[in-house]
Amino acid sequence: MSPLSACEASLVEAIDLAPILARTLDWVAVNSGTGNLDGVAAMAQQLTAAFAALPGAITLEPPAPVEQVLADGTTAPIAYGDHFVLRVRPHAERRVLLTGHMDTVFARTHPFQQTRWLDDETLNGPGTADMKGGLSLMLAGLLAFESAGPALGYDVLINSDEEAGSKSSASLIASLAKGKLAALTYEPALPGGIMARARPGSGNFAFVVRGRSAHAGRNPEDGRNALVAAADLAQRLYAVRRAGLSVNPARIEGGGPNNMVPDLAVLHVNMRPGGAFHVAEAEGLIARAIADVTRIHEVTIEAHGGFNRPPKPITPAIERLFDLVSRAAGDLGEPISWKDTGGVCDGNNIAACGVPVIDTMGARGGAIHSSDEFLEVASLAARARLTALVMHRLDRGETR
Ligand SMILES: [Zn+2]
């Protein structure tokens, strides 16, 4: 006997691979590297056309302003594309958030632009798994879900800057997460259907160190060497790495001619707190290192950036949502498991709002962020069925 009710069986049986695959191929053909604003805008148009098949209202929301620190210590705005938002039954009492991203890590100039079949089941191409396949199957799942006349409301957010850390969409994510009973994010699942469990947080920082220039031979004692101070700061931050906190000093910019004490350097660092390690502790360690270097080297240090991805620990609410998703997957004959991962995504930001999230609802695939990125094509239909069934069961008030 099927574990699915008659209603559930008719929902999932209506899902057909062909249109999901066709849309995926169309969308993968559009280069939408985060910085390719024309490509991202073209993707937003394609999404608007496709998601218009669902009820609700679509808006394209402007990116929030984001600044980057340049090598000369000044800041400049970074441009991002608009974010896609669909709001369905906004006044429903119970509502869910579904999120994905339209951007990829592959810039317009990257050599990896073509899609090719590795075998009958496997597609190699930029953004196939991460995550144009995921966006396409999310739509198919929602179309099937709507056929049963649900009461559950939902918002779909597809941002344009996820691969750059979602800094221009973070406030939009937080405002859409508010009040939702659950969230589903369409990052790819690993082959075998393994889903992401806990994720660490991530923060990117730029420290602008200003000293004082002087002649390297005549009066070096009057100088305050910004490059040495930046190197000392890098060492001190690196020294605080521990279990639950990775620290990667990534780049120092600055310096000048050999006969001058350099008065400017910019240090860029990535830090990932996770497990029991809290963002506030990491912020305290950074503040102490800055204070020490400022005093010892007699320089000034301006800190930019922050922990844009809070850690995503496992809460009882996330466990319950995973149980629901896991039971649905089992009932569809595609059991899943889950394990901790070192990667970060918008699921971190959603979890930080107190909303339980499963953030690997997308297609099965792998080797993402590389030219070997691949998509298991059969998963497009299988995972669309999972979305339809999970949404249906959330609509019927099942909490586990
Ligand atoms: Zn992704």
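If you're wondering where the values come from, they're calculated on a predicted model, not measured in any experiment. Starting afresh in each chain, residues are numbered from 1 along the sequence in its written order. Under the rules for a predicted model, residues below a pLDDT of 70 receive no local features and side-chain atom pairs below 80 are neither given nor counted, while totals for whole chains, interfaces and linings still include all residues. The side-chain figures draw on all heavy atoms in the structure; neither hydrogens nor water molecules are used.

Draft legend 1. Main features of the coordination of the zinc ion. Within the protein, His101 (NE2), Asp130 (OD), Glu187 (OE) and Glu187 (OE) serve as the donor atoms for the zinc ion, at 1.8 to 2.7 Å. Viewed at the metal, the 4 donor atoms of the zinc ion are separated by angles of 52 to 148°, and the geometry they form is irregular. Each metal's donors comprise the N, O and S atoms found within 2.8 Å of it (within 3.2 Å for Na, K or Ca). Water is not part of the atom list, so some coordination spheres may appear incomplete. Linear spacing of the donor residues for the zinc ion on their chain is H-x28-D-x56-E. With Asp130 in helix H4 (residues 128-146) and Glu187 in the loop between strand S9 (182-185) and strand S10 (194-196), the pair connects residues that are 57 residues apart, well separated along the chain. Of the two residues, Asp130 and Glu187, both sit in the buried class. Square planar and octahedral assignments, for four and six donors respectively, both demand that opposite donors be over 155 degrees apart and that all other angles lie between 65 and 115; tetrahedral needs four donors with all angles between 85 and 135 degrees, and anything else is irregular. Numbering of helices and strands runs from the N terminus; a helix is a DSSP stretch of H or I covering at least four residues, while a strand is a stretch of E covering at least two. Think of it in three bands: residues with accessible area under 20% of the maximum for their type are buried, residues over 50% are exposed, and the middle band is partly exposed, with areas taken using a 1.4 Å probe on protein chains only.

Draft legend 2. Summary view of the packing of aromatic side chains. Stacked, tilted and edge-to-face pairs are distinguished by plane angle, under 30 degrees for stacked and over 60 for edge-to-face with tilted covering the rest, among Phe, Tyr and Trp rings (Trp via its six-membered ring) whose centres lie within 6.5 Å. Summed over the entire model, instances satisfying the criterion amount to 6 aromatic pairs. Here Phe322 and Trp338 contribute two aromatic rings whose centre-to-centre distance is 3.8 Å and whose plane-to-plane angle is 0°, an arrangement assigned as stacked. One end of the pair, Phe322, is in helix H8 (residues 316-331); the other, Trp338, is in strand S15 (residues 337-339), and 16 residues separate them in sequence. With a relative accessible area of 6%, Phe322 lands in the buried category. Feature note: the residues Phe205, Phe207 and Phe307 constitute an aromatic cluster, connected by ring pairs. For the cation-ring pair, Arg241 lies above Tyr238, with the distance from its terminal atom to the ring centre recorded as 3.9 Å. Working rule: Lys NZ or Arg CZ, within 6 Å of ring centre, within 35 degrees of ring normal, means a charge sits over the ring.

Draft legend 3. Here's a closer look at the pattern of salt bridges. In the sections that follow, a salt bridge refers to a side-chain nitrogen of Lys or Arg positioned within 4 Å of a carboxyl oxygen of Asp or Glu. By the definition in use, this model includes 20 salt bridges. Residues Arg236 and Asp292 are paired through a salt bridge, measuring 3.8 Å at the closest nitrogen-oxygen approach. Highlighted residues: Arg236 in helix H6 (residues 226-239) and Asp292 in helix H7 (residues 279-297), separated in sequence by 56 residues. With a relative accessible area of 27%, Arg236 lands in the partly exposed category. For Asp292, a relative accessible area of 22% puts it in the partly exposed group. Put simply, Asp232, Arg236, Asp292 and Arg295 are held in one network by salt bridges that share partners.

Draft legend 4. The arrangement of the environment of Gly244 in detail. If you trace the backbone, Gly244 turns up in the loop between H6 and strand S12 (245-254). Residue classification places Gly244 among the partly exposed positions, given a relative accessible area of 33%. Whether two residues touch is decided by their heavy atoms; if any such pair falls within 4.5 Å, the residues are in contact. Once you skip the residues sitting within four places of it in the chain, Gly244 turns out to touch Arg272, Pro273, Gly274 and Phe277.

Draft legend 5. Here's a closer look at the sheet that holds strand S17 (residues 365-366). Pairs of strands are assigned from DSSP output, requiring at least two bridges between the strands. With antiparallel pairing, 4 strands are arranged side by side in an open sheet as S6-S7-S18-S17. Across the chains shown, the open sheet's two edge strands, defined by having one partner strand only, are strand S6 (116-119) and S17.

Draft legend 6. Representation of the domain arrangement of the chain within the structure. Per the domain assignment, the segments of the chain are domain 1 (6-199 + 312-395) and domain 2 (202-308). The start and end points of each domain follow an automatic or database-based domain assignment. The gap between the C-alpha centroids of domain 1 and domain 2 is 36 Å. Taken together, the contacts link 11 residues of domain 1 with 12 residues of domain 2. Once two parts are joined, some of their accessible surface, as seen by a 1.4 Å probe, is lost; buried area is that loss totalled over both. Across the domain 1/domain 2 interface, buried area totals approximately 830 Å², and carbon plus sulfur atoms make up 55% of it. For the pair domain 1 and domain 2, the interface holds 0 salt bridges. Pairing of N or O atoms within 3.5 Å defines a polar contact, subject to two protein rules: one partner must be a possible hydrogen donor and the other a possible acceptor, and residues neighboring in sequence count only if both atoms are side-chain atoms. Summed over the shared surface of domain 1 and domain 2, the result is 3 residue pairs in polar contact (both at pLDDT 80 or more). Ten residue types, Ala, Val, Leu, Ile, Met, Phe, Trp, Tyr, Cys and Pro, are classed as nonpolar, four, Asp, Glu, Lys and Arg, as charged, and the remainder, Gly among them, as polar. Residue composition of the side of domain 1 that touches domain 2, grouped by class: 4 nonpolar, 5 polar and 2 charged.

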